[in-house]
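Results of the structural survey
Residue strings, one per chain:
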Amino acid sequence: MMHDFADDADSFSSSVDTQPLFAQFDQAQQSNHHQLRKRISNCAKQYFPILCWFPSYSFNKDFPKDCLAGFTVGVMCVPQALSYATVAGLPPVHGL
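What you see is a predicted model, and the numbers here were worked out from it, not measured in a lab.

**Observations concerning the overall build of the chain**
Along the backbone of the chain there are four helices and zero strands. Traced from its N-terminal end to its C-terminal end, the chain shows the element sequence α-α-α-α. For the chain, buried positions account for 3% of its 96 residues. As presented, the chain carries roughly 8,800 Å² of accessible surface, and 66% of it is formed by carbon and sulfur atoms.

Here's what the structure looks like:
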């Protein structure tokens, strides 16, 4: 009578539960990736503040007002800068 080793291997592999070991490793790896992503995100937000407020920016509500504010600043500041350069005795282009 020959012994079938394939049956032993199947019964051995089904009796050994390797899932918890891999699950713990996978969970730890996901936790490390989550922490790394969070640190990169915080660092990026520190250097690029637009990443904090842009997701909640309302184009319909805020964009027209921002355009008006930019136009107003441009209309007021450019002539003022040219005037200050002239008062200082410099060519007006240096006021820009």
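**Some details on the packing of aromatic side chains**
A complete count under the given rule lists six aromatic pairs for this structure. Relative to Phe-54, the ring of Trp-53 has its centre 6.2 Å away and its plane inclined at 70 degrees; by these criteria the two rings are edge-to-face. Look at Trp-53 and you get partly exposed, because its relative accessible area is 42%. Ring centres 5.6 Å apart and planes at 65 degrees place the aromatic pair Trp-53 and Tyr-57 in the edge-to-face group. For Tyr-57, a relative accessible area of 18% puts it in the buried group. A connected cluster of aromatic rings, assembled from ring pairs, spans Trp-53, Phe-54, Tyr-57, Phe-59 and Phe-63.

**Remarks on helix H4 (residues 59–87)**
In a regular helix each residue adds 1.5 Å, so 29 residues correspond to 42 Å; H4 covers 41 Å between its end C-alpha atoms and thus fits that length. Just downstream of H4 lies Gly-89, where phi reads positive at about 85 degrees.

**A look at the environment of Ser-83**
With respect to the helices and strands, the residue Ser-83 is situated in helix H4. With relative accessibility at 42%, the residue Ser-83 sits in the partly exposed group. Sequence separation between Ser-83 and Gly-95 is twelve residues, and the spatial gap between their C-alpha atoms is 7.5 Å.

**Some details on a nonpolar patch on the surface**
Taken together, Tyr-47, Phe-48, Ile-50, Leu-51, Trp-53, Phe-54, Phe-59 and Phe-63 make up a surface patch of nonpolar side chains, about 880 Å² in accessible area. Those elements giving two or more residues to the nonpolar patch turn out to be helix H3 (50–53) and H4. Mapped onto the secondary structure, Ile-50 falls in helix H3. Classification of Ile-50 by relative accessible area gives partly exposed; the value is 42%.

**Things to note about the confidence of the model for the chain**
On average, residues of the chain score 79 in pLDDT, and 71% of them are at 70 or above. Mean pLDDT values over the elements of the chain span from 54, in helix H1 (residues 5–15), up to 92, in H4.

The rules behind these values
Residues numbered from 1 in each chain as written. Predicted model: local features only at pLDDT ≥ 70, side-chain atom pairs only at ≥ 80, totals over all residues. Heavy atoms only, no water. Helix = DSSP H or I, 4+ residues; strand = E, 2+ residues; numbered from the N terminus. Buried < 20%, exposed > 50% of the residue type's maximum accessible area, 1.4 Å probe, protein only. Areas by Shrake-Rupley, 256 points an atom, 1.4 Å probe, with all protein chains shown as cover. Phe/Tyr/Trp six-rings, centres within 6.5 Å; stacked < 30°, edge-to-face > 60°. Expected span 1.5 Å × (residues − 1). Patch = residues over 30% accessible without salt bridge, like charges linked within 9 Å, V, L, I, M, F, W, Y side chains within 5 Å. Salt bridge = Lys/Arg side-chain N within 4 Å of Asp/Glu carboxyl O. pLDDT = per-residue confidence, 0-100.

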